[in-house]
Amino acid sequence: MDLVEVLPDRLHMLRFPIGQAYLWQDGEALTLIDSGNVESAAAIEDAIRSLGLRPERLERIVLTHCHRDHIGAAGELAARWNAEVLAHRLEAPVIRGEAPVPEPVLLDWEIPLYAHGMTVPEAPPTRVDRELEDGEELPFGDGAFVVHAPGHTDGSIAVHLPAHGVLFTGDCVAGVGQVMLGVFNVDRARAMDTFRRLAALAPSVACFGHGDPLTSETAAMLKAASEATV
């Protein structure tokens, strides 16, 4: 796992072989956005300690959607450090193992990528302590707002921190080589609408589920990419 500073003393990316998570700091209080795969808990704890922080200050884990490379370590970390697990109301039954993971409608070029993604170990059923709705404010980042972002999955969310100009897109948007619509969508038309809505938030920093964060000319690049998506 690679630990990458995005904003000094505030935001780090934790990059795994497939997918990534983000650690947000409010002083010593910590929030994790997604959690990597089921084998990632120890690496995440080590990363927290390497920053001079304490895993026991992990207050919440916000899950952007139900896929195995995003929720895998959430249950173990939450149980160990008494962190709250949050996800959208529509995604919670899937994360808890009460409903199946939705199947994406794959484009031809996505098929081999999807097969590679499925090499990530399956995630165990994971508790969700708080079910989220669009527009809810969460108590970190001087006000973090839930943005329902359907298309990748029905209950996908983004998380917007307007006070810091930061947007966590989950897999709604990707930054692999270029800024682009995320892959493996259950509803591509809804995903494109979501992309345009997220771009309209005009963040100064965009953190993707896959690919390097954008920290320069972010709003313009998101807008251009969303308008070019067909």
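The notes below deal with the structure included here. (Residues numbered from 1 in each chain as written. Predicted model: local features only at pLDDT ≥ 70, side-chain atom pairs only at ≥ 80, totals over all residues. Heavy atoms only, no water.)

### Here's the deal with the nonpolar core
- Counting residues in each nonpolar core, the largest one holds 29 residues, and the members touching the most others are Leu32, Ile44, Leu58, Ile61, Leu63, Leu77 and Ile95.
- Leave out the neighbours within four places in its chain, and Ile61 touches Leu32, Asp34, Ser35, Ala74, Leu77, Ala78, Ala83, Glu84, Val85 and Leu86.
- By size, the runner-up hydrophobic cluster in this structure holds 20 residues, among which are Tyr22, Phe140, Ala144 and Cys207. (Core = buried A, V, L, I, M, F, W, Y, C linked by side-chain atoms within 4.5 Å. Buried < 20%, exposed > 50% of the residue type's maximum accessible area, 1.4 Å probe, protein only. Contact = heavy atoms within 4.5 Å.)

### Details of the sheet that holds strand E1 (residues 2–7)
- Ordered in space as E1-E2-E3-E4-E5-E6-E7, the seven strands form an open sheet in which the pairing is mixed. The open sheet is flanked by E1 and strand E7 (130–132), the only strands paired with a single partner. Strand-to-strand twist across the sheet, computed as the mean angle between neighbouring axes with direction ignored, equals 25°.
- When strand E6 (residues 84–88) meets E7, the two strands line up parallel, connected through three bridges. Counted as the bridge partner of His88 is Leu132 from E7.
- Against the sheet, helix H3 (residues 74–81) contacts strand E4 (29–33), strand E5 (58–62) and E6, and its axis sits at roughly 160° relative to E5. (Pairing = 2+ DSSP bridges. Helix = DSSP H or I, 4+ residues; strand = E, 2+ residues; numbered from the N terminus. Axes fitted to C-alpha atoms, helices over the stretch in contact; angles between N-to-C directions.)

### So, helix H1 (residues 41–50)
- Residues Ala41, Ile44, Glu45, Ala47 and Ile48 constitute the buried set of H1. Angular distribution of buried residues about the axis of H1 spans 160°; they occupy a single face of the element. When the buried face of H1 is taken as reference, the exposed residues oriented beyond 90 degrees from it are Asp46 and Ser50.
- Buried-residue contacts for H1 involve E1, strand E2 (11–15), strand E3 (20–26), E4 and H3.
- Positive backbone phi, approximately 80°, marks Gly52, located one or two places after H1. (Arc of directions from axis to C-beta.)

### Regarding empty space enclosed by the protein
- For the coordinates displayed, the defined rule picks out one cavity of 30 Å³ or more.
- In this structure, the largest cavity occupies an estimated 40 Å³ of space.
- Lining the largest cavity, in full, are Gln20, Tyr22, Ile33, Asp34, Thr64, Phe168, Thr169, Gly170, Cys207, Phe208 and Gly209.
- Where the lining of the largest cavity is concerned, the elements lending two or more residues are E3, strand E11 (166–170) and strand E14 (205–208).
- Ranked by residue count, the leading element in the lining of the largest cavity is E11, at three residues.
- Partitioning the lining of the largest cavity into residue classes produces five nonpolar, five polar and one charged. (1 Å grid on protein atoms, 1.4 Å probe; cavity = no way out; pocket = protein on both sides within 12 Å on 5 of 7 lines; lining within 4 Å. Points joined across faces, edges and corners; volume = space filled by probe spheres on them. Nonpolar A, V, L, I, M, F, W, Y, C, P; charged D, E, K, R; others polar.)

### Overview of the sheet that holds strand E9 (residues 144–148)
- In spatial order, the strands read E8-E9-E10-E11-E14; together these five strands make up an open sheet with mixed pairing. On the outer flanks of this sheet lie strand E8 (137–138) and E14, each paired with one strand and no other.
- Bridge count for strand E10 (residues 157–161) against E11 is three bridges, and the pairing is antiparallel. Across the sheet, the residue bridging to Leu161 is Val166, located in E11.
- The sheet contacts of helix H6 (residues 188–199) involve E9, E10 and E11, and relative to E9 the element is tilted by about 155°.

All quantities given are derived from atomic positions and should not be read as evidence of function.
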